[in-house]
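For reference, the chains in residue letters:
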Amino acid sequence: MKLRIFHGGDGDCVLLSADPAEEGAEPVHVLVDGGRRGAFREHARGSLYELPHLDVVCVSHIDEDHIAGIIGLVRDEVDWRVHDFRRSQGEDADEPDFPRPPEIREIWHNAVFELVGDDLEPQVHDALATRATLLAGSPSKELRELASRLDNLATGERSAMELSRRISDEQLGIPRNRPVGEPMLRDAAAAAIEIGPLAIRVLGPSQDDLELLRDEWKRWIDNNRDDLEELQAEMLEEEERLGELPSSVVARPLLAADLGEGVEEVTEPNLASLMLYVEEGDTTVLLTGDGVTEEILTGLGEHDLLDDEGRLHVTVLKVQHHGALANVERRFVDAVTADHYLFCGNGAHENPELEVVEAFARARLEEDPADPAPHVGGPFTFWFSTAPDTPDLSDSRSEHMQAVVDLMTELRDEDDDDRFSFELLRSGALDIEP
Amino acid sequence: MAIDLEHAQRVAPRLRVIANGDEEVNAYRSTIASAVTTTRTMVDRYRPLEKLRQAADIEAPEAKPEIAELEKPPSHPEDYLDRRTRINCFIQVADPEARTARVLEDAPRQGDLFLATLTKRQIERLAADETELGVTYVEPGAPLSHPRPWSVPRRVGEPEPRLAEPIPSEEATEDSAVLIGIVDVGGFDFAHPDFLVGGEGDVPPTTRFHSIWDQGWLGDGSDEAPFGVGRLLTRERMSAAIRGAREVGVAPSDILPQSTQRTGAHATHVASIAAGNRGVCPNAHIAGVLIALDESAEEDRHATFFDSTRLAQAVRYLFELGEREGLPTVVNISLGTNGHAHDGTSPISRWIDSLLMKRGRCVCVAVGNAGQEGPRFEGDLGYLNGRIHASGRVPSRGLDVDLEWQVVGNGIVDVSENEMEIWYEAGDEFSVQVRSPSGVWCRPVGPGEFYENRRLPSETFVSVYNERYHPANGANRISIFLSPRLKDRIVGVESGTWLVRLHGVEVRDGRFDAWIERDDPRPLGRLGESQAWLFPSFFSQRSNVDRSSVSSLGCGRHVIAVGNGDATAERIHVSSSQGPTRDGRYKPDIAAPGTEIVAANGFAPRDDRHLWTAMTGTSMASPYVTGVAARMLAREPRLSSTQITGIMRRTAQPLPGSDYAWKDDAGFGMIRAAACLEQVGVPFRAVDLEKESHTEAKG
């Protein structure tokens with residue numbers, strides 16, 4: 001098995017490929033997430049569209065930085081079909097200016113708002129859109145960032161709807177999920193899904209996760225409503241009192257201070273990433289989406305993949321949520337080790353965060369030589385999907401990625417055994433061939 | 001442009017403001033204003049969208065509160081060369097038959113009004129009246145606003161048939177002899193099941209849409225489109241797309257796209273209410289006109305007109321289509337305009353009224369959602385859209401009345417142009433003076449006087465015109481413009497409260513009405529992590545008057561103006577705009593169900609979860625009335641729009657607790673479809689008492 005990392009902007013875009021188990025059979029390709037639309041077009045399309053087919057396209061969750069590229073892929077297929085139709089009607093239609101995308105054989109994708117409940121979906125949409133619009137005008141940088149995340153999510157939700165519509169029988173007719181039409185959930189008792197030589201296990205989400213999530217989203221919507229109603233009342237009172245609206249009519253009531261509990265309280269609940277464990281012989285890959293420590297470790301535990309000390313060593317670890325501190329707890333760094341650590345991110349929201357990258361590195365550099373675990377003392381590599389000098393990267397993101405590189409260089413210099421190395425993707429793709 | 005002062009009174013102030021800008025300023029304007037376009041070359045040269053977005057980060061300098069002689073910017077004699085700025089105009093002429101002006105040779109005419117897309121030079125020539133036409137007035141198309149309904153956040157199922165009062169089924173086929181025209185935004189999902197007929201097994205269904213005129217389409221096809229604008233989708237092509245989509249596994253809208261196709265499209269929802277398979281008139285022929293008024297088309301705005309002249313073309317096209325097809329026609333307009341006198345004398349109102357002189361025609365208009373004083377749900381800013389009207393009285397000569405006009409700031413930059421129009425009767429004379437938020441008083445402007453494009457220290461440009469005896473209605477009009485700096489660098493309009501002081505020079509009656517005319521607020525796009533907005537001004541709570549907020553379009557004499565009734569709660573929805581018109585006529589005429597209306601969800605997945613959606617607004621009420629009017633005309637095509645209005649008013653059901661008197665929000669009450677249908681023959685049945693008594697005597 002080999003992995004190809006594409007530069008996906010601030011998102012993920014990874015291709016897993018494996019040679020067939022039997023002579024003469026087709027090689028197997030699994031695409032996990034599509035990154036941003038523009039990045040997908042720029043960096044992934046080229047080599048990806050040389051493939052004849054994709055056995056599975058997996059959308060870990062509906063955030064724009066994961067789903068948008070996949071929407072682009074599906075739209076490209078639509079463009080070609082429309083072109084074929086025009087030609088068949090004798091129209092003189094120009095060919096699309098990109099090759100025909102590979103045949104997509106199945107899509108794995110949980111539209112989270114469909115899963116958390118029918119009646120919740122339109123409310124979530126409404127809450128997101130409203131909130132994003134209001135916060136966008138805020139003078140506080142944190143709130144504006146939150147606004148952009150919410151906006152992202154509102155767009156992601158629309159993307160999920162578009163994907164559902166595109167792959168339906170009425171249109172592209174691509175089967176979704178295993179079993180077809182059902183949500184893709186963890187079932188530790190079930191056999192691994194076999195895609196050619198790859199054995200794939202779903203670590204999460206579980207049915208229980210969804211139920212918790214449903215409550216969380218419900219609470220979030222209620223909080224939002226109460227917050228905003230209160231603020232609006234204050235705003236009107238103030239206007240009544242002053243006889244005019246404060247000039248900052250939209251922004252003022254949304255200052256962080258006015259939100260009572262602070263920014264954390266308004267942060268949206270998570271989106272139940274589809275997390276996978278992929279095996280081919282001795283090669284193992286852990287794909288974590290934007291999952292959090294608890295979810296990943298529980299999933300690994302349920303599948304009996306952790307040893308007696310609660311540890312796991314894999315060939316490749318795709319680090320969760322672009323290396324954001326909020327998703328990586330200390331116990332995760334101690335529990336899961338890898339030969340190859342993959343960080344997808346471009347400095348947006350300061351991901352991958354320096355603390356996270358350093359923690360993963362130090363856990364390996366400072367391991368106890370007396371520890372009998374087989375990986376101890378072995379070499380390991382960090383892979384980054386974005387180099388500081390990637391074209392069109394904003395200054396602040398480039399600066400962050402430079403800080404990551406400086407930290408990596410420093411750590412490599414500390415490593416007297418030459419076990420540690422790192423690689424940066426400048427454009428196009430980077431291959432991990434374990 | 002230097003419009004000769006001698007002819008100043010022939011050019012509408014708003015047009016003068018546009019014409020005073022050079023090609024750079026108008027490159028920005030083309031992105032902001034609905035009636036102005038420019039070329040790609042100009043856009044590439046000045047990058048308006050980019051600069052407007054960056055404006056969000058520019059702080060306006062502190063201004064000193066002193067009475068200053070305002071700086072007049074240098075004039076640009078080279079502006080004659082600006083042939084790239086094109087402006088959509090209504091031209092009112094004294095002798096419409098003469099037609100000797102070359103620019104008006106092929107221009108469509110309705111009554112004494114021509115429609116034309118003009119350069120500044122052409123406007124100047126017309127204003128100078130170098131022709132025999134006797135040009136009375138040239139004014140630009142007015143911005144159209146999209147009275148945004150809001151989606152109702154709940155899961156909905158398939159809608160019940162719209163008419164609660166059952167219509168005898170054997171009569172249903174009668175209702176096919178009518179055309180329903182929908183002028184709207186967001187895209188018509190012609191392949192939604194609510195518009196499909198036929199189709200079984202392998203035979204694909206066909207759409208009930210006769211045609212869709214997509215005014216915003218910028219690709220090929222304009223040569224075959226009405227007025228050479230956009231492109232026309234015929235039923236044949238739509239049905240082929242439905243067939244083809246099935247064959248190759250894509251959406252019909254992929255094969256035959258429209259310039260905008262939004263999920264939950266407004267146009268689709270409105271068409272579904274009036275004429276969908278579960279709509280009020282499910283057998284009507286449907287024709288759609290898509291106005292290019294949509295925020296998703298930001299990049300193309302500089303090249304697109306989306307002003308009231310486009311609406312004028314749309315309505316005319318639909319009535320002509322009905323005539324060609326031999327069908328009586330009802331047109332629904334769930335869009336509005338804020339400006340002008342609100343007495344039915346705006347060019348677009350006169351244009352439509354003139355089209356309604358023929359029988360077998362009818363136009364229904366949503367009165368707008370400006371009735372609301374406070375937010376209606378969490379996070380709602382829509383009520384600020386509603387603060388567009390103020391009225392009052394200058395009590396006597398020598399006394400003053402102040403109006404407060406608010407421009408938002410702080411994180412939101414207003415780079416739109418703001419206009420206030422104050423209308424008062426010819427018997428009075430007011431002078432007007434403007435004070436900026438930082439306290440700078442501009443010089444007073446007396447009746448018949450004006451100044452234009454004066455720059456304040458805060459870089460806001462102020463123009464004030466005090467016109468007498470307006471050619472449309474003989475009344476007086478004061479127009480005040482606050483424009484952002486749009487040259488070299490962009491500076492938003494100074495934020496805070498602007499004061500407009502009216503001073504009585506000669507007062508006999510003293511009453512006045514003021515409206516703010518502008519586009520709806522819209523986000524311009526992302527700037528770094530934040531959002532730049534066009535967030536136009538509004539009246540302060542103190543100045544705003546919560547009546548006569550019916551959209552200017554709804555004030556037309558012969559259109560049916562429709563308010564939003566909540567059928568469940570049996571009251572008028574809080575957001576529905578109120579009448580009467582400025583000249584005291586009864587608008588809205590009637591109310592119809594417009595609250596939580598379930599209808600087709602355009603361009604969404606075709607599954608039970610997403611097929612339908614609920615929306616609330618006068619936009620949903622108007623198509624209900626359109627459907628009823630269509631049924632009336634299908635049965636009795638000799639009815640005129642005024643007769644239909646009369647029947648609807650007569651048969652309306654006052655809300656519980658109301659008497660039969662007209663109410664400013666409900667009009668004459670909720671529409672009663674069955675009662676309307678019963679009355680269709682009445683105007684054509686006169687009883688000759690002589691004959692009758694004769695017969696009686698005989699018998």
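A brief report on the enclosed structure follows.

Procedures and definitions
Residues numbered from 1 in each chain as written. Chains lettered and ligands numbered in written order. Predicted model: local features only at pLDDT ≥ 70, side-chain atom pairs only at ≥ 80, totals over all residues. Heavy atoms only, no water. Phe/Tyr/Trp six-rings, centres within 6.5 Å; stacked < 30°, edge-to-face > 60°. Helix = DSSP H or I, 4+ residues; strand = E, 2+ residues; numbered from the N terminus. Buried < 20%, exposed > 50% of the residue type's maximum accessible area, 1.4 Å probe, protein only. Salt bridge = Lys/Arg side-chain N within 4 Å of Asp/Glu carboxyl O. Pairing = 2+ DSSP bridges. Axes fitted to C-alpha atoms, helices over the stretch in contact; angles between N-to-C directions. Contact = heavy atoms within 4.5 Å.

**Description of the packing of aromatic side chains**
Aromatic ring pairs are reported here in terms of the distance separating the ring centres and the angle at which the planes meet.
Residue and element names in this part refer to chain A.
(1) Moving on: Tallied over the full model, the rule gives 24 aromatic pairs over all chains.
(2) Moving on: With centroids separated by 5.4 Å and ring planes inclined at 55°, the aromatic side chains of Y341 and F360 adopt a geometry described as tilted. Linking Y341 in strand β13 (residues 336-343) with F360 in helix α10 (residues 354-365), this pair joins segments that are 19 residues apart in sequence. In this structure, Y341 and F360 share a single accessibility class: buried.

**Some thoughts on the pattern of salt bridges**
Residue and element names in this part refer to chain B.
(1) Moving on: Applying the stated criterion to the full structure yields 55 salt bridges over all chains.
(2) Moving on: A salt bridge links R511 to D509, with the nearest nitrogen and oxygen atoms 3.1 Å apart.
(3) Moving on: For D509, a relative accessible area of 24% gives the class partly exposed.
(4) Moving on: Close ionic contact of D659 with K663 constitutes a salt bridge, the shortest N to O distance being 2.7 Å.
(5) Moving on: Note on D659: relative accessible area 48%, which makes it partly exposed.
(6) Moving on: According to the relative accessible area criterion, K663 is partly exposed, its value standing at 26%.

**Concerning the sheet that holds strand β12 (residues 312-318) of chain A**
Residue and element names in this part refer to chain A.
(1) Moving on: Reading across from one edge, β8-β9-β10-β11-β12-β13-β14-β15 is the order of the 8 strands in this open sheet, with mixed pairing throughout. Each edge of the sheet is formed by a strand with only one pairing partner; in this case those strands are β8 (193-195) and β15 (420-424). Within this sheet the neighbouring strands show an average axis-to-axis angle of 25°, counted without direction.
(2) Moving on: Where β8 meets strand β9 (residues 198-204), 3 bridges bridge the pair, whose relative direction is antiparallel. Paired with E194 across the two strands is A199, which belongs to β9.
(3) Moving on: Its contacts with the sheet put helix α8 (residues 293-302) on β9, β10 (275-280), β11 (283-287), β12 and β13, and the angle it makes with β10 is roughly 45°.
(4) Moving on: Against the sheet, helix α11 (residues 395-414) makes contact with β14 (380-384) and β15, and its axis sits at roughly 155° relative to β15, the strand it touches most.

**As for the sheet that holds strand β19 (residues 450-455) of chain B**
Residues and elements named next belong to chain B.
(1) Moving on: Across the sheet, which stays open at both edges, the 6 strands sit in the order β15-β25-β17-β21-β20-β19 with antiparallel pairing between neighbours. Of all the strands in the sheet, just β15 (389-393) and β19 have a single pairing partner and so form its edges. Each strand axis lies, on average, 10° off the axis of its neighbour in the sheet, ignoring direction.
(2) Moving on: Examined bridge by bridge, strand β17 (residues 418-424) and strand β25 (residues 511-517) share 6 bridges and lie antiparallel to one another. The partner of Y424 across the bridge, within β25, is F512.

**Observations regarding helix α2 (residues 23-32) of chain B**
(1) Moving on: Counting buried positions along α2 of chain B yields 10 of 10 residues, so the element is predominantly enclosed.
(2) Moving on: Buried within α2 of chain B are the following residues: E23, E24, V25, N26, A27, Y28, R29, S30, T31 and I32 of chain B.

**Side note on the environment of G221 of chain B**
Residues and elements named next belong to chain B.
(1) Moving on: Assignment of secondary structure puts G221 in the loop between β10 (209-214) and β11 (231-234).
(2) Moving on: Given the relative accessible area of 23%, G221 is considered partly exposed.
(3) Moving on: Setting aside chain neighbours within four positions, we find G221 in contact with G230 and R231.

**Points about the side chain of D55 of chain A**
(1) Moving on: Along the chain, D55 of chain A falls in the loop between β4 (53-54) and β5 (56-59).
(2) Moving on: The residues touching D55 of chain A, leaving out its near neighbours within four places in the chain, are P27, V28, H29, R105, E106 and I195 of chain A.

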